[in-house]
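Commentary on secondary and tertiary structure
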Amino acid sequence: MTVQAWTFVMVGLSFALYIGVAVWSRASSTGEFYVAGSSVRPVVNGMATAADWMSAASFISMAGLISFMGRDGSVYLMGWTGGYVLLALLLAPYLRKFGKFTVPDFVGDRYYSRAARVVAVICAIFVSFTYVAGQMRGVGIVFSRFLNVEITSGVLIGMGIVFFYAVLGGMKGITYTQVAQYCVLIFAYLVPAIFISLLMTGNIIPQLGFGGTLADGSGQLLLDRLNGLSRDLGFHLYTDGSKATIDVFCITAALMVGTAGLPHVIVRFYTVPRVAAARSSAGWALFFIALLYTTAPAVAAFARTNLLNTVSEKSYLGIPDWFKNWEETGLLAWADKNSDGKVQYVAGSAIDGNKPIFGDGRGASGERIVTNANPDTTNELYVDRDIMVLANPEIAKLPNWIVGLVAAGGLAAALSTAAGLLLVISTSIAHDLLKREIRPRISEKEELIAARIAAGVAVCIAGYFGINPPGFVGQVVAFAFGLAAASFFPAIVMGIFSKRMNKFGAISGMIVGITFTAGYIIFFKFIRPDMNSPDHWWFGISPEGIGILGMILNFMVSITVSALTPPPPTEIQELVEDIRVPRGAGEARELSV
Amino acid sequence: MTVNQNEKKRAYWRKNLHYLASLLAVWFIVSYGCAILFVDFLDQIKIGGFRLGFWFAQQGSIFIFVLLIFVYVKLMNRLDKRHDVDEEEPR
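Computed from a predicted model, the values in this text were never measured in an experiment. (Residues numbered from 1 in each chain as written. Chains lettered and ligands numbered in written order. Predicted model: local features only at pLDDT ≥ 70, side-chain atom pairs only at ≥ 80, totals over all residues.)

Overview of the overall build of chain A
Regarding its fold elements, chain A presents 22 helices and 4 strands. Compactness check: chain A gives a C-alpha radius of gyration of 24 Å against a globular reference of 25 Å for 593 residues, within 12% of the reference. Taken along the three principal axes of its C-alpha coordinates, chain A extends 80 × 55 × 45 Å. Of all 593 residues assigned to chain A, the portion counted as buried reaches 59%. Sequence separation of 24 or more characterises 82% of the internal contacts of chain A that already satisfy a separation of 6 or more. (Helix = DSSP H or I, 4+ residues; strand = E, 2+ residues; numbered from the N terminus. Rg over C-alpha atoms; globule rule 2.2 N^0.38 Å. Buried ≥ 20, exposed ≤ 12 C-beta atoms within 10 Å, placed from the backbone. Contact = placed C-beta atoms within 7 Å.)

This is the structure we're talking about:
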């Protein structure tokens, strides 16, 4: 069977599975809709959390990014896993004991302030929308490349599926579908990695093959070969970094702290029955995430080696089909600058600007004409980093069913994350805004309807952004983590670990943290992108890493302001005492006021 | 609430903070120490096919993160029981 037929089979089967699970696990109360009735077992919740967390970015983009960044790719590997340690130790058990539905619930109650709640709601909605647009885009890419449907129809199909199980099942439906999606995505990630590891190094475990010797009889270490190839072609050594140490430090920290402050991750820990379960569920989540995250750097190194071996100095006429297929999508481009008909792939940007622009007609070898080739370098090849994972099985000449499986895995990653985010958006609107702020007397049934409508509207908006992506999706991701790091994380941590922290401190800290972080990112990303270089950054910290300075500022301002203003009321101090011990945690519930 | 119970809770919390400080210290040393600040120094050591610093940066730190959480779970479950603040069996 062809790649396309296999893709239809794999994607079709996985979609049928998700719909079956969704029908089986419909939600009937707000408790089930928001937090799955707080009855999910820790291992199951860990698996669902892993699927929720690992987005199209983790599945499709991350290994590709690492394969171009080399050692510096560790900012993503450590940044997106280390946050779970913070989450497990500093947040999850206490928030579970607190026992409400959302992050704004905690911020609003702990700081006895509607203003604090509203700030938290706005941040939660902003962060979630940023993310969800990227997921829909990922769905579109997979559909357009493997099923030959327009990106628009791809996004619409994806929207339909998410709409079906998010709106019907709420958190309960989402949790159990995410378990199915985790299984699909991890299988789809590991199978090609294992095959490629076997082919290249003879080792069945990619994590070990990564440090193993090549199976081509040369007896050379994979990483040494990769370093050698990189050196010959003028790239920096794969195992060396090219970013400044302070920047690597700050980006890693901002991603870690940001992860711990993301509302769609935190809310997962409300779905387990007990405090002890919240702790172990964080451990299981990281375990399941680590399966993919420790495979990713191996995939990155394999893919990089394969790419350099396969295309460098090869004639375009004899180049494999995957090359031409990706060229058709515009995510790969070749400009024959020296007209020798061969692909020269060396350091330097092949094109002027960020994306290749294609003209009409074909070049001498039959390639698509690129009109914005960069004459200042000899590099002729442009490769979009997002295609590495998807193209990897084809580059390594794996059987067609594996290629189809990878497409289904990419969709599982994108859909599971999108559903989790949509739930946060719908909860924020129906619960935090409507129920808690606008119409407190609303019945549970009405709230549930409102939550479903909000989820439906959110799916449509997300779909719109997926079809018409704002050019800045990639850039706003820095925002999402920076803002979560500079606002939620300090406010929640101090809310648990300091009885003295009052609303004046927390609110002023959040405002200073957000304003500083947002100001820095907006300045370098939108107002003066020409100045976005290490010479102009403060202390050499890039906008991606600035959230960590925002967090430190937040802590300093909160502590100072809080020391100068009256302590919080006694009942709040008792609330803090209470969440510090596990005994007495019930199902997450409404306040009985 | 009796004075005795309050005292117990305070002791529980102090011990908890103590665990947190030790575990987070390991967390910091592994990720920010081994994988970022001292990475070039550790790269001089080669284990298997890996330079040590590179291995910490791309794989080792993640394994240790997972381990840290499970150690924490174990420590806290024991502590909860000892200080009599653990939860009743779920319904």
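Resuming the write-up.
Remarks on the overall build of chain B
The secondary structure content of chain B amounts to 3 helices and 2 strands. Relative to the globule expectation of 12 Å for 91 residues, the C-alpha radius of gyration of chain B, 19 Å, shows a markedly less compact shape. In terms of overall dimensions, chain B has a C-alpha envelope of 60 × 30 × 15 Å along the principal axes. Taking contacts inside chain B between residues at least 6 apart in sequence as the whole, the part at least 24 apart equals 50%.

A closer look at the interface of chain B and chain A
Between chain B and chain A, the residue contacts involve 36 residues of the former and 41 residues of the latter. Elements that contribute at least two residues to the side of chain B that touches chain A include exactly α1 (3–37), β2 (50–51) and α3 (52–82) of chain B. Its residues assigned to classes, the side of chain B that touches chain A shows 24 nonpolar, 7 polar and 5 charged. (Nonpolar A, V, L, I, M, F, W, Y, C, P; charged D, E, K, R; others polar.)

Observations concerning the packing of helix α8 (residues 151–201) of chain A against helix α13 (residues 275–311) of chain A
Each pair of packed helices can be described by the angle between their axes along with the distance between the axes. Residue and element names in this part refer to chain A. As a packed pair, α8 and α13 sit with axes 10 Å apart at the nearest point and diverge in direction by 35°. For α8 against α13, the interelement crossing comes out left-handed. Across the interface between the two elements, Tyr182, Ile186, Tyr189, Leu190, Ala193, Ile196, Ser197 and Met200 from α8 touch Phe288, Leu291, Leu292, Thr295, Ala298, Val299 and Phe302 from α13. Looking at side-chain class alone, the contact of α8 with α13 contains 13 nonpolar, 2 polar and no charged residues. (Axes fitted to C-alpha atoms, helices over the stretch in contact; angles between N-to-C directions. Left-handed = near helix turned anticlockwise from the far one by under 90°.)

Some remarks on the pairing of strand β2 (residues 358–362) of chain A
Residue and element names in this part refer to chain A. Counted residue by residue, β2 has 0 buried out of 5 residues, so it is predominantly exposed. Pairing of β2 with strand β3 (residues 368–370), which is carried by 2 bridges, proceeds in the antiparallel orientation. Bridged to phenylalanine 358 within β3 is valine 370. The loop that links β2 with its antiparallel partner β3 comprises 5 residues; one of these, glycine 366, has a positive phi angle of about 95°. (Pairing = 2+ DSSP bridges.)

A short note on the nonpolar core
Within the largest apolar cluster, 228 residues are counted, with the highest numbers of intra-cluster contacts made by Val162(A), Leu185(A), Val257(A), Ala282(A), Ala418(A), Leu422(A) and Ile69(B). No other element matches the 22 residues that α8(A) contributes to this core. For this core, the two domains that each supply at least three residues are domain 1 (3–306 + 398–579) and domain 2 (311–385) of chain A. Contacts of Ile69(B), omitting those with residues within four sequence positions, involve Tyr84(A), Val85(A), Ala88(A), Ala282(A), Gly283(A) and Leu286(A). (Core = buried A, V, L, I, M, F, W, Y, C linked by C-beta atoms within 7 Å. Domains from an automatic or database assignment.)

Notes on the confidence of the model for chain B
Residue and element names in this part refer to chain B. Of the residues in chain B, 92% have a pLDDT of 70 or more, and the chain-wide mean is 87. Here strand β1 (residues 46–47) stands out as the element of chain B with the lowest mean pLDDT, 85, in contrast to α3, whose mean of 93 is the highest. Interface confidence in the predicted complex, given as ipTM, is 0.92; pTM for the same model is 0.89. (pLDDT = per-residue confidence, 0-100.)

Re the domain arrangement of chain A
All names here are of chain A. Splitting chain A by domain gives domain 1 (3–306 + 398–579) and domain 2 (311–385). Each of domain 1 and domain 2 has a C-alpha centre, and these two points are 34 Å apart. Contacts between the two partners involve 9 residues from domain 1, matched on the other side by 6 residues from domain 2. For the side of domain 1 that touches domain 2, the secondary structure elements donating two or more residues are α4 (56–69) and α7 (114–146).

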